[in-house]
Amino acid sequence: MSRRVDSEILQRTYEENKEEFESEEFKDVFARFNALRKELQSASSTSLTYLEGIPESEKGETEWKQLMKPFIEANDTWLTAPWLVTEFYVYRRLMQALAYWDPASAGYKYDPFAKQKKAGLTSSVASAEPMFTKLPTLPKTKEGVTLAAAFALWGNKMDLSLWPADAANSNVDVFTDILASASENLLHDDSDTLGDHCDKLRAKGGGNVDIIVDNAGFELVTDLALAQHLVESGVAKCVTFQLKSHPTFVSDALEKDLVETVEYYAALDASKFPAAQVAGSKMKEYLADGRWKCHEDNFWVQPFAMWEMTEPLRTDMKERCDLAFVKGDANYRRLLGDRTWDLTAPFQDVVGAYFPCPVCALRTLKAELGCGMDADQVERAKSLDDSWMVNGRFGVVQFGTGA
């Protein structure tokens with residue numbers, strides 16, 4: 001915690017915001033920021049404390065007290081409390097140092113990671129252009145949804161060289177090799193089940209689909225590409241992006257990041273990036289006419305297990321949502337309650353049995369936990385790569401029916 005969060009993340013945050021932090025305007029913010037860093041430098045002996053007044057909502061304060069109570073009563077330190085808890089907690093403490101919700105503070109709604117996100121956005125276009133060139137050629141079938149999901153899962157690891165030159169007029173069978181390539185490193189693949197479910201939504205005129213977003217930058221762009229295909233193929237009449245309510249984990253996406261991404265792509269030079277610019281214009285239209293919606297919620301910046309989803313979010317997803325895509329490693333850890341499960345325990349039993357709506361997890365493995373993997377594929381991964389659980393080489397597409 002001390003080394004990675006303080007020496008790496010917060011040090012880089014200081015360096016990228018040095019001009020602002022060392023200004024007279026940010027004097028109080030910078031003092032609180034340095035106090036947090038000092039606390040982390042003695043993480044092994046510093047006990048966790050309740051968050052002081054949480055100005056964004058009484059509900060948020062109650063939820064954080066509920067979250068922290070068992071660890072504070074146990075006199076846990078930064079190092080003895082569960083990693084997932086302290087990881088979310090430190091970013092909430094950073095917001096406290098900024099006085100993020102105080103209109104009188106220089107840190108009001110200030111995103112200390114904005115420069116990193118902007119760099120990720122500008123560098124995303126070169127990888128996104130070939131993806132958006134292919135996107136309109138996807139068939140409006142289960143195979144098309146599977147490929148759009150593969151874009152969102154693998155990003156620029158997708159092998160586009162296999163794409164047929166005249167894909168828009170090609171038989172669905174020509175996509176078989178592309179799908180096979182995309183699934184080569186999947187340790188479980190529920191793409192067929194996902195496709196069948198999406199066919200049912202299409203048949204009824206489209207459903208309400210949520211994407212629980214992870215990172216800004218190119219990963220967010222692939223989520224937008226998935227959302228574009230869901231709308232254009234008739235699977236979704238509305239896509240809702242579930243987003244963080246304050247800056248978290250450096251690169252995690254807020255509503256402002258999604259809107260900025262859409263605006264940036266819509267304003268691209270069409271002579272240099274024609275497909276990406278057209279996609280950006282469509283995205284802007286979807287946001288304007290309500291086919292795309294953004295929803296920020298405090299639940300996405302808290303370490304609750306997903307089976308502890310707070311209200312009114314849980315009821316909303318249960319009553320409104322026909323399918324939710326879950327992206328990102330922290331979100332996946334929360335699906336599993338950050339607990340160690342048998343790697344072959346069925347995803348339906350672990351997640352699908354409690355989640356408030358049908359759910360599809362798109363995950364590249366970056367943490368040493370999981371479920372629902374095929375035993376033979378696990379053994380194959382072990383034989384190929386000692387770091388198979390943490391380096392993002394392998395992934396899963398997992399579907400659950402919901403409770």
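No experiment lies behind these values; they were computed from the predicted model shown.

## Some words on the pairing of strand β6 (residues 359-364)
With six of its six residues buried, β6 lies for the most part within the structure. Where burial is concerned, the two faces of β6 agree: the one with V359, A361 and R363 and the one with C360, L362 and T364 are both buried. Direction of pairing for strand β5 (residues 323-327) relative to β6: parallel, over a ladder of four bridges. Residue pairing across strands places V326 opposite A361, the latter belonging to β6. Sheet analysis places β6 next to strand β7 (residues 395-400), joined by six bridges and oriented antiparallel. Residue pairing across strands places A361 opposite Q398, the latter belonging to β7.

## Thoughts on the environment of Y100
In this structure, Y100 sits in the loop between α5 (83-98) and α6 (114-134). Sequence spacing of Y100 and H246 is 146 residues, and the spatial spacing of their C-alpha atoms is 8.4 Å. Beyond its immediate stretch of four places on either side in the chain, Y100 contacts M95, G107, Y108, K109, Y110, S245, H246, P247 and L254.

## Some words on helix α7 (residues 142-154)
Since the α-helix advances by 3.6 residues per turn, residues separated by three or four positions end up pointing in the same direction. Along its 13 residues, α7 runs 18 Å from first to last C-alpha, staying within 8% of the 18 Å computed at 1.5 Å per residue. With respect to burial, α7 is a largely interior element, 12 of its 13 residues being buried. Listed in full, the buried residues belonging to α7 are K142, G144, V145, T146, L147, A148, A149, A150, F151, A152, L153 and W154. Downstream of α7 by one or two residues, G155 has phi in the positive range, about 60°.

## A closer look at unusual backbone geometry
Across the junction of E311 and P312, the peptide omega takes the value 5°, indicating a cis bond. Considering the arrangement of structural elements, one finds P312 in the loop between β4 (292-297) and α13 (313-320). Although it is not a glycine, K109 sits at a positive phi angle of roughly 55°. Structurally, K109 can be placed in the loop between α5 and α6. The backbone of F249 shows a phi angle near 50°, a positive value even though the residue is not glycine. Here F249 is to be found in the loop between β3 (236-244) and α11 (255-266).

## Let's talk about the pattern of salt bridges
All chains considered together, the criterion is met by 28 salt bridges. Between R291 and D289 there is a salt bridge whose closest N-O contact spans 2.7 Å. Accessibility expressed as a relative area gives 27% for R291, which makes it partly exposed. Its relative accessible area of 41% is what places D289 among the partly exposed residues. When the shortest N-O distance is used, the salt bridge between E379 and K382 registers 3.5 Å. Here E379 and its partner K382 are both found in helix α16 (residues 375-384), three residues apart, which amounts to about one turn of the helix.

Conventions we followed
- Just so you know, the residues in each chain are numbered from 1, in the order the chain's sequence is written.
- Totals for whole chains, interfaces and linings use all residues, but because this is a predicted model, local features are given only for residues with pLDDT of at least 70 and pairs of side-chain atoms are given and counted only at 80 or more.
- Working from all heavy atoms in the structure, the side-chain values ignore hydrogens and water.
- The buried label applies to any residue whose accessible area, calculated with a 1.4 Å probe on protein chains only, is under 20% of its type's maximum; exposed applies above 50%, and partly exposed to all values in between.
- A helix here means a DSSP run of H or I that spans at least four residues, while a strand means a run of E at least two residues long, and both kinds are numbered starting from the N terminus.
- In this analysis, strands are considered paired if DSSP registers two or more bridges between them.
- Only heavy atoms enter the contact rule, under which two residues are in contact if any of them lie within 4.5 Å.
- Expected helix span is taken as 1.5 Å per residue step, with the number of steps being one fewer than the number of residues.
- The rule for a salt bridge is simple: a side-chain nitrogen of Lys or Arg has to be within 4 Å of a carboxyl oxygen of Asp or Glu.

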